[in-house]
Amino acid sequence: MTVYRSLTHDIAVEAEAFFLEDRSMPEDGVFLWAYRMRIVNQGTQNVRLMARYWRIIDAAGRLHEVRGTGVIGEQPTIAPGGNFSYVSSTPLPTPSGTMEGVYSMETDAGQRIEIDIPAFALESPYERHPVH
């Protein structure tokens, strides 16, 4: 399994995606992936994950944008040297695509910072769509 990584403002983000064959219905154009995110604070102060923004692009080039508060119903604070992991999912109407985005975080000092989420591939056995 490929792990995609980025580092912004001393915050590392790792992403892995898993095609959910048993929950997908290719004959109906429903393809589902789970993705695991791990956020590691390599900095010197606490950061709180306030919001997320996702750019999800399917194999037909259609853009789906998702914005929301926190992740999986939480706005975790991550201490220096600490990490936060979660698993979520996304459907697509095509057998492949990509995801990327931004986490909006706030430091203890009240500074807002934008943390890059690396682009990662959503691949199924039905079609491959490489990340560039």
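Residues numbered from 1 in each chain as written. Predicted model: local features only at pLDDT ≥ 70, side-chain atom pairs only at ≥ 80, totals over all residues. Heavy atoms only, no water.

Engineer: I keep staring at the overall build of the chain and nothing clicks. Help me out?
Structural biologist: Within the chain, the regular secondary structure consists of zero helices and nine strands. In the chain, the order of α-helices and β-strands from amino to carboxyl end is β-β-β-β-β-β-β-β-β. Relative to the globule expectation of 14 Å for 132 residues, the C-alpha radius of gyration of the chain, 15 Å, shows essentially globular dimensions. When the backbone C-alpha atoms are referred to their principal axes, the chain occupies close to 50 × 25 × 25 Å. Relative to its 132 residues, the chain shows a buried fraction of 44%. Once local pairs closer than 6 in sequence are excluded, the contacts in the chain between residues at least 24 apart make up 64%. Entry remark: accessible area of the chain is about 6,900 Å², with carbon and sulfur atoms responsible for 46%. (Helix = DSSP H or I, 4+ residues; strand = E, 2+ residues; numbered from the N terminus. Rg over C-alpha atoms; globule rule 2.2 N^0.38 Å. Buried < 20%, exposed > 50% of the residue type's maximum accessible area, 1.4 Å probe, protein only. Contact = heavy atoms within 4.5 Å. Areas by Shrake-Rupley, 256 points an atom, 1.4 Å probe, with all protein chains shown as cover.)

Engineer: So what exactly am I meant to see when it comes to the environment of tryptophan 33 here?
Structural biologist: Here tryptophan 33 lies in strand β3 (residues 31-41). Taking the C-alpha atoms as reference, tryptophan 33 lies 8.7 Å from serine 124; in sequence the two are 91 residues apart. A distance of 3.0 Å separates the side chain of tryptophan 33 from the backbone oxygen of glutamate 123, its partner in a polar contact. (Polar contact = N/O pair within 3.5 Å; in protein donor to acceptor, adjacent residues only side chain to side chain.)

Engineer: I would appreciate a short explanation of the packing of aromatic side chains in the present structure.
Structural biologist: We describe a pair of aromatic rings using the distance from one ring centre to the other and the angle between the two ring planes. One pass over the full model with this rule turns up eight aromatic pairs. Between tyrosine 35 and tryptophan 54, the ring centres sit 5.3 Å apart and the planes meet at 65°, which makes this aromatic pair edge-to-face. With tyrosine 35 in strand β3 and tryptophan 54 in strand β4 (residues 47-58), this residue pair connects regions lying 19 residues apart in the sequence. In this structure an aromatic cluster arises from ring pairing among Tyr4, Tyr35, Trp54 and Phe120. (Phe/Tyr/Trp six-rings, centres within 6.5 Å; stacked < 30°, edge-to-face > 60°.)

Engineer: Which parts of the structure should I look at to understand the pairing of strand β8 (residues 96-107)?
Structural biologist: The side chains of a regular strand alternate, residue by residue, between the two faces of the sheet. Burial analysis of β8 places ten of its twelve residues in the buried class, which makes it a mostly covered element. Relative to β8, β4 is paired through eleven bridges, and the arrangement is antiparallel. Paired with arginine 52 across the strands is tyrosine 103, a residue of β8. In this sheet, strand β9 (residues 112-123) lies alongside β8 in antiparallel orientation, the contact comprising ten bridges. Looking at β9, one finds that serine 96 is bridged to glutamate 123. Where β8 folds back on β9, the antiparallel hairpin that results is connected by four residues, among which glycine 110 adopts a positive phi of roughly 90°. (Pairing = 2+ DSSP bridges.)

Engineer: Whenever I open this one, the pattern of salt bridges confuses me. Can you help?
Structural biologist: Two side chains that carry opposite charge are able to pair once their charged atoms sit near each other. This model, assessed by the stated rule, comprises six salt bridges. Between arginine 5 and glutamate 14 there is a salt bridge whose closest N-O contact spans 3.5 Å. The exposure class of arginine 5 is exposed, given its relative accessible area of 57%. For glutamate 100, the salt bridge identified is with arginine 55, shortest N-O distance 3.7 Å. (Salt bridge = Lys/Arg side-chain N within 4 Å of Asp/Glu carboxyl O.)

Engineer: Please explain the sheet that holds strand β7 (residues 83-92) as it appears in this structure.
Structural biologist: To summarise the sheet geometry, strands pair through backbone hydrogen bonds and adopt either a parallel or an antiparallel arrangement. Ordered by their spatial adjacency, four strands build an open sheet running β1-β2-β3-β7, and the pairing between neighbours is antiparallel. Among the strands making up the open sheet, the edge pair consists of β1 (4-8) and β7. In this sheet, neighbouring strand axes are inclined to one another by 20° on average, regardless of whether the strands run parallel or antiparallel. Direction of pairing for strand β2 (residues 11-19) relative to β3: antiparallel, over a ladder of nine bridges. Considered in β3, the bridge of isoleucine 11 is made with asparagine 41. (Axes fitted to C-alpha atoms, helices over the stretch in contact; angles between N-to-C directions.)

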